[in-house]
Amino acid sequence: MPTIIALDVSLSMSRPIPNQPSSTGGSSSAESDNVLTYHQLAVQGINYVLDYLTKHARLEYVSLIIYSSLYEVVVDFTRDYDSIRNALHKIEHYDKTCLENVLVAVNNAFKAHWGSQNYCQIIFITDCGVGMGPSSLKNTIINLQTYKAACASAAAAAATTDGSKAMVTVGSNSAAIPPPGENQWVGFSYPSKLSFMCLGSLSTDSAFRCGTKLYMQLLEVSGQKGQLFIPRMKIKHEESAGDDASPITGDDGEDIVRQLTRTSALECFGTMCDINYRQFEATLRCGGYFRLEEPVTVWPAPLPYTARDVLGAETTKLMSRRLEVCGFLRMSDIGSPMSVSRHLILPRSVGGTVGASEQNESGKPSSNGGLKNGHGHSSAEERLEADIKAFYAKSDAGEHHQHEDHGLDGTDVNKESVCVLLHGALKVENMAALVLVGDNWYGFIYSYADGKKKWNLMLNVLPPGSDVVPWLGDLRYLGTLEDAFQGENPSFPIKADKRSYSQTIVVWIRHASLQSDIQKVLRHAKKLPEKTQHFYKELNRIRRAALSLGFVELLEGLAHIFEREISTLPLNASPDCSMQLTHAAVELRKTNNRDLKSVIHALPTQYNQLA
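Residues numbered from 1 in each chain as written. Predicted model: local features only at pLDDT ≥ 70, side-chain atom pairs only at ≥ 80, totals over all residues. Heavy atoms only, no water.

Engineer: It is not clear to me how the packing of aromatic side chains should be interpreted in this structure. Could you clarify?
Structural biologist: Any two aromatic rings considered together are summarised by their centre-to-centre distance and by the angle between their planes. Inspection of every chain in the model, using the stated rule, returns twelve aromatic pairs. A ring pair is formed by Tyr67 and Phe124, whose centres lie 5.6 Å apart and whose planes are at 70°; its orientation type is edge-to-face. Note that Tyr67 is positioned in strand β2 (residues 62-67) and Phe124 in strand β4 (residues 120-126), a separation of 57 residues in sequence. The same class applies to Tyr67 as to Phe124, namely buried. Ring pairs connect the aromatic residues Tyr61, Phe77, Phe110, Trp114, Trp185, Phe188 and Tyr190, which therefore count as one cluster. Above the plane of the ring of Phe280 lies Arg321, whose end atom (NZ or CZ) is 4.2 Å from the centre. Across from the ring centre of Tyr448, 5.9 Å away, lies the NZ or CZ of Arg342, which sits over that ring. (Phe/Tyr/Trp six-rings, centres within 6.5 Å; stacked < 30°, edge-to-face > 60°. Helix = DSSP H or I, 4+ residues; strand = E, 2+ residues; numbered from the N terminus. Buried < 20%, exposed > 50% of the residue type's maximum accessible area, 1.4 Å probe, protein only. Lys NZ or Arg CZ within 6 Å of the ring centre and 35° of its normal.)

Engineer: Help me out: how do you make sense of the packing of helix α2 (residues 38-56) against helix α3 (residues 81-88) in this one?
Structural biologist: Two packed helices can be described by the angle between their axes and the distance between those axes. Relative to each other, α2 and α3 sit at 175°, their axes nearing to 11 Å. By the angle between their axes, α2 is roughly antiparallel relative to α3. Counting all contacts with α2, which are made through Val43, Ile46, Asn47, Leu50, Asp51, Leu53 and Thr54, the residues of α3 involved are Tyr81, Ile84, Arg85 and Leu88. Counted by class, the contact of α2 with α3 contains seven nonpolar, two polar and two charged residues. (Axes fitted to C-alpha atoms, helices over the stretch in contact; angles between N-to-C directions. Parallel < 35°, antiparallel > 145°, perpendicular 65-115°, else oblique. Contact = heavy atoms within 4.5 Å. Nonpolar A, V, L, I, M, F, W, Y, C, P; charged D, E, K, R; others polar.)

Engineer: It is not clear to me how the sheet that holds strand β14 (residues 341-347) should be interpreted in this structure. Could you clarify?
Structural biologist: Each strand in a sheet pairs with another by means of backbone hydrogen bonds, the pair being arranged parallel or else antiparallel. Strand order in the closed barrel formed by seven strands is β9-β10-β14-β17-β16-β15-β13, and the pairing between neighbours is mixed. Pairs of neighbouring strands in the sheet enclose a mean axial angle of 40°, with direction left out of account. When strand β9 (residues 280-286) meets strand β10 (residues 292-299), the two strands line up antiparallel, connected through seven bridges. In the strand pairing of β10, Ala282 is matched with Val296. (Pairing = 2+ DSSP bridges.)

Engineer: What is the right way to read the nonpolar core from this model?
Structural biologist: Note on soluble globular proteins: their nonpolar side chains tend to be buried together. Ile125, Leu199 and Met272 are the most contacted members of the largest nonpolar core, which has 51 residues in total. For this core, the secondary-structure elements that each account for two or more residues are β1 (3-8), α2, β2, α3, β4, α8 (262-276), β15 (431-438) and β16 (441-449). Counting residues per element, this core draws most heavily on α2, which supplies nine residues. Other than its neighbours up to four places away in sequence, Met272 contacts Val49, Ile123, Ser195, Met197, Phe229 and Tyr277. By size, the runner-up hydrophobic cluster in this structure holds 30 residues, among which are Phe110, Leu137, Ile141 and Leu228. (Core = buried A, V, L, I, M, F, W, Y, C linked by side-chain atoms within 4.5 Å.)

Engineer: Sorry, what's going on with the side chain of Ser195 here?
Structural biologist: Relative to the elements of secondary structure, Ser195 occurs in strand β5 (residues 192-198). Side-chain polar atoms of Ser195 contact the side chain of Asn276, separated by 3.1 Å. Dropping the residues within four chain positions of it, Ser195 is found in contact with Ile122, Ile123, Phe124, Gln227, Phe229, Met272 and Asn276. (Polar contact = N/O pair within 3.5 Å; in protein donor to acceptor, adjacent residues only side chain to side chain.)

Engineer: What is the right way to read the pattern of salt bridges from this model?
Structural biologist: Opposite charge on two side chains lets them pair, provided their charged atoms get close. Following the criterion strictly, the structure yields 13 salt bridges and no others. For Arg85, the salt bridge goes to Asp51, with nearest N and O atoms at 2.7 Å. Remark: Asp51 occurs in helix α2 and Arg85 occurs in helix α3; sequence separation between them is 34 residues. The exposure class of Asp51 is partly exposed, given its relative accessible area of 43%. With a closest N to O distance of 3.6 Å, Arg541 and Asp517 form a salt bridge. Within this pair, whereas Arg541 is found in helix α14 (residues 532-549), its partner Asp517 is found in helix α13 (residues 511-525), the two being separated by 24 residues in sequence. (Salt bridge = Lys/Arg side-chain N within 4 Å of Asp/Glu carboxyl O.)

Structure follows, in structure tokens:
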């Protein structure tokens, strides 16, 4: 779950925070050096966020962007947070604020690195400046409203033309939506959350109050999931002793903090981090009656899954806090099913083994062994299971040796780790564990190695339902070999005698596969007219694959490539080469060729002898 931090470096951010307390008896030069500006407060907030990620989410990729009327990517996506801290000291201030340019830049930068399927956290740190002129935030909202209204009217007109609002084809709907402007932001094209860290005071700053309303209106008009974080005013007795900001008494006699302070701003950053980067803590359970369980952390935190049925009704499901291992399958049998998301399973350390929560009133450890993992046992079967585990875990020499197994920090050095046991078994046996992650919702846990040869437990979450992997069937009815009838073929999965396809399937999981297919078409194009038949055969194969995957943009890209190849043809090239490339580019752009059953034929010429 990458994070983009966008810092406002307009001239308004260089202002000192008003009504700061001055040290009595000090010189005027020393007081001016200690004045805290909005930019310095924003830098302290970024350092707070980086410290929080270092402690709770060290695997996060973070990028730093600064913006005013223009923007600059200061640090690209990295896990080296020290490079971001060092870059904060070299930032300079520029002119006015222009939010729309940096929103477009953030959208393009994230898609270039992570695609449109990953989730992104976007944090803007600003004093809620709205800018001036055509690039102001108010004009951005007006242009966004105009674009949304144009899209709605175009879709309604297309539905009326087709004769039914419910039956609108994909081709006509996509053609009806007008494209946005070159530098116009109409929302992010990937799942994301936009957080605005607003540095200012609502009670005394009228410009800040107006800016927050416009920023909130921007979120509402765009439909973007996001939130504004504003430092709150505090009562005097809430201020800690020795704080750099003293409470200011208002005209009405209320003793409250009416100005922005360092403490209130950092608390605002802390609230944002707790909301956006909250760890997903769960319990991994494995085994039958004598179960093994361990508290784990699922990273990144799974998002709510929203499913839409045929009638358009939406249903949102949340992942359970208890992950139950149902069984094990070979990796070759699982294959590559469609998944919702992937997560790392990391063991989570809990406090001391014998703590206050595990002791009864007499001071002795409680017999309820399930509380050692932070989860109570609600049913009688679970309490009985915990008693049996506690009985087998006792030492034969008595309670004296039991206390010797604990280290100085109170942790049990001989405590079993389900993650280590499960990871080693899955890696050696080349198998995966089928896990129940919710009500009628499954996933697979397997051993995974990244590019640095570091092995981890990976959770692959499937779409909700029990029949989501076609070649496995209903996951609720999977059994062992002992459950098979006598004489039944134990081989799995069952393979068909005849293949249902007549040619090799097009697979574009990696960029190299798509690039090799395009290069193959271009090689045939340069050998026209001898390779006319092969050229159109490969062209139709790529076109059908792109339409099947919904990759319609590839057709326009191929048309541009063909037009560019025409201008680079050598002088001794056949005239049929440019004619066929022009014909292919025109045919790819036609809407009637968006049907899978249609075929692009060669242009009859005297060179290919088809006339």
